[in-house]
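Coordinate inspection notes
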Amino acid sequence: MAQSIETTVDENNMITISITGDLSEDKMESLVASLGESVQVIVDAFNAAGQKKVKVLVDLSQFSGKYVIKSFTEMVNFAIKTNPYVEKSAVFGGADKEKMAAEMVIALSHRDNIKVFDTKEQAIAWLAE
């Protein structure tokens, strides 16, 4: 089974997290493992940069919008756990429902350094500021 979340680091130490398909009950074990790996990628990038906070780009363009509450809770916990290592995060893609879910994750995690954008270009431009 393919992972619903893939995390990569580019040559500029920017983290990209791509969420694909759905986050259904049968994918919870994989989701929890993937989020744990993503936390480690962020911490490793932070440490590799001399403990300089990293920027994160979250791609919802291939996310189906289907999720269970447990996956939503896991995303909130992920946002809380990674906050000490992240300068700012930009979320893009997805329909209004997915953007609303992202806004709820932002609110529940008490993160003021995450913004939601319509396009990848807008998200990257904000991260570059």
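Chains are numbered independently. Their residues run from 1 in the order of the written sequence. Local features in this predicted model are restricted to residues whose pLDDT is 70 or higher, and side-chain atom pairs enter the listing and the counts only when it is 80 or higher, whereas totals over whole chains, interfaces and linings include all residues. Working from all heavy atoms in the structure, the side-chain values ignore hydrogens and water.

**With respect to the overall build of the protein**
In this text, helices come from DSSP runs of H or I with a minimum length of four residues, and strands from runs of E with a minimum of two, each type numbered from the N-terminal end. The helix and strand inventory of the protein stands at four helices and five strands. When its helices and strands are written in sequence order, the protein yields β-β-α-β-α-β-α-β-α. Put simply, the radius of gyration uses C-alpha atoms, and a globule should come to 2.2 Å times the residue count raised to 0.38. On C-alpha atoms alone, the protein measures out to a radius of gyration of 13 Å, which is about the 14 Å that the 2.2 N^0.38 rule sets for 129 residues. Counting only C-alpha atoms, the protein reaches 40 × 30 × 25 Å along its principal axes. When accessible area is computed with a 1.4 Å probe and restricted to protein chains, residues below 20% of their type maximum are described as buried, those above 50% as exposed, and intermediate ones as partly exposed. Across the 129 residues in the protein, those meeting the buried criterion constitute 43%. Between two residues, a contact is recorded if the distance between any of their heavy atoms is within 4.5 Å. Pairs at least 24 apart in sequence give 79% of the contacts found in the protein among residues at least 6 apart. Surface accessibility follows the Shrake-Rupley procedure with a 1.4 Å probe radius. Residue values consider only the protein chains on display as shielding. Element-wise, carbon and sulfur atoms account for 54% of the exposed surface of the protein, whose accessible area totals about 7000 Å².

**Overview of the pairing of strand 4 (residues 86–92)**
With six of seven residues buried, strand 4 is to be regarded as a mostly interior element. By definition, two strands form a pair when at least two bridges between them are found by DSSP. Note: strand 3 (residues 54–67) against strand 4, six bridges, orientation parallel. Considered in strand 4, the bridge of Val56 is made with Ser89. Orient the strands so they point away from the viewer, and a crossover whose first-strand-to-second-strand path over the helix runs clockwise is right-handed. In this region the chain leaves strand 3, passes through helix 2 (residues 69–82) and returns to the parallel neighbour strand 4; the handedness of that crossover is right-handed. Pairing of strand 4 with strand 5 (residues 114–117) involves four bridges; the strand directions are parallel. Note that in strand 5 the partner of Val91 across the bridge is Val116.

**Some details on the environment of Leu35**
Mapped onto the fold, Leu35 is located in helix 1 (residues 28–48). What makes Leu35 buried here is its relative accessible area of 5%. Here the alpha-carbon distance between Leu35 and Phe63, two residues 28 residues apart in the chain, equals 15 Å. Those residues in contact with Leu35 that sit more than four places away from it in its chain are Ile5, Glu74, Met75 and Phe78.

**A short note on the packing of helix 1 against helix 2**
In helix packing, the relevant descriptors are the interaxial angle and the interaxial distance, both defined with respect to the helix axes. To get an axis, fit a line to the C-alpha atoms, keeping to the stretch in contact for a helix; angles then go from 0 to 180 degrees between the N-to-C directions. Packing of helix 1 against helix 2 brings their axes to within 11 Å, and their N-to-C directions diverge by 10°. Considering their axes alone, helix 1 and helix 2 lie roughly parallel with respect to each other. In this structure, helix 1 uses Met28, Leu31, Val32, Leu35, Ser38, Val39 and Ile42 to contact helix 2, whose residues at the interface are Lys70, Ser71, Glu74, Met75, Phe78 and Thr82. Nonpolar residues are Ala, Val, Leu, Ile, Met, Phe, Trp, Tyr, Cys and Pro. Charged residues are Asp, Glu, Lys and Arg, and all others, Gly as well, are polar. Classifying every residue of the contact of helix 1 with helix 2 gives eight nonpolar, three polar and two charged. An angle below 35 degrees is read as roughly parallel, one above 145 as roughly antiparallel, one from 65 to 115 as roughly perpendicular, and any other as oblique.

**Concerning the side chain of Ser4**
As for its placement among the helices and strands, Ser4 is situated in the segment before strand 1 (5–9). With relative accessibility at 4%, the residue Ser4 sits in the buried group. Other than its neighbours up to four places away in sequence, Ser4 contacts Ser18, Ile19, Thr20, Asp22, Leu23 and Lys27.

**A word on the packing of helix 2 against helix 3 (residues 96–109)**
Viewed as axis vectors pointing N to C, helix 2 and helix 3 meet at an angle of 50°, and their least axial separation amounts to 9 Å. In this view, helix 2 runs oblique relative to helix 3, as classed from their interaxial angle. The interaxial crossing formed by helix 2 with helix 3 has right-handed handedness. Facing Phe72, Met75, Val76, Ala79 and Ile80 of helix 2, the residues of helix 3 in contact are Ala101, Met104, Val105, Leu108 and Ser109. Working rule for handedness: look at the near helix, and if it is turned counterclockwise from the far one by less than a right angle, call the crossing left-handed; if clockwise, right-handed.

So far we have only geometry, and geometry alone does not tell us how the molecule works.
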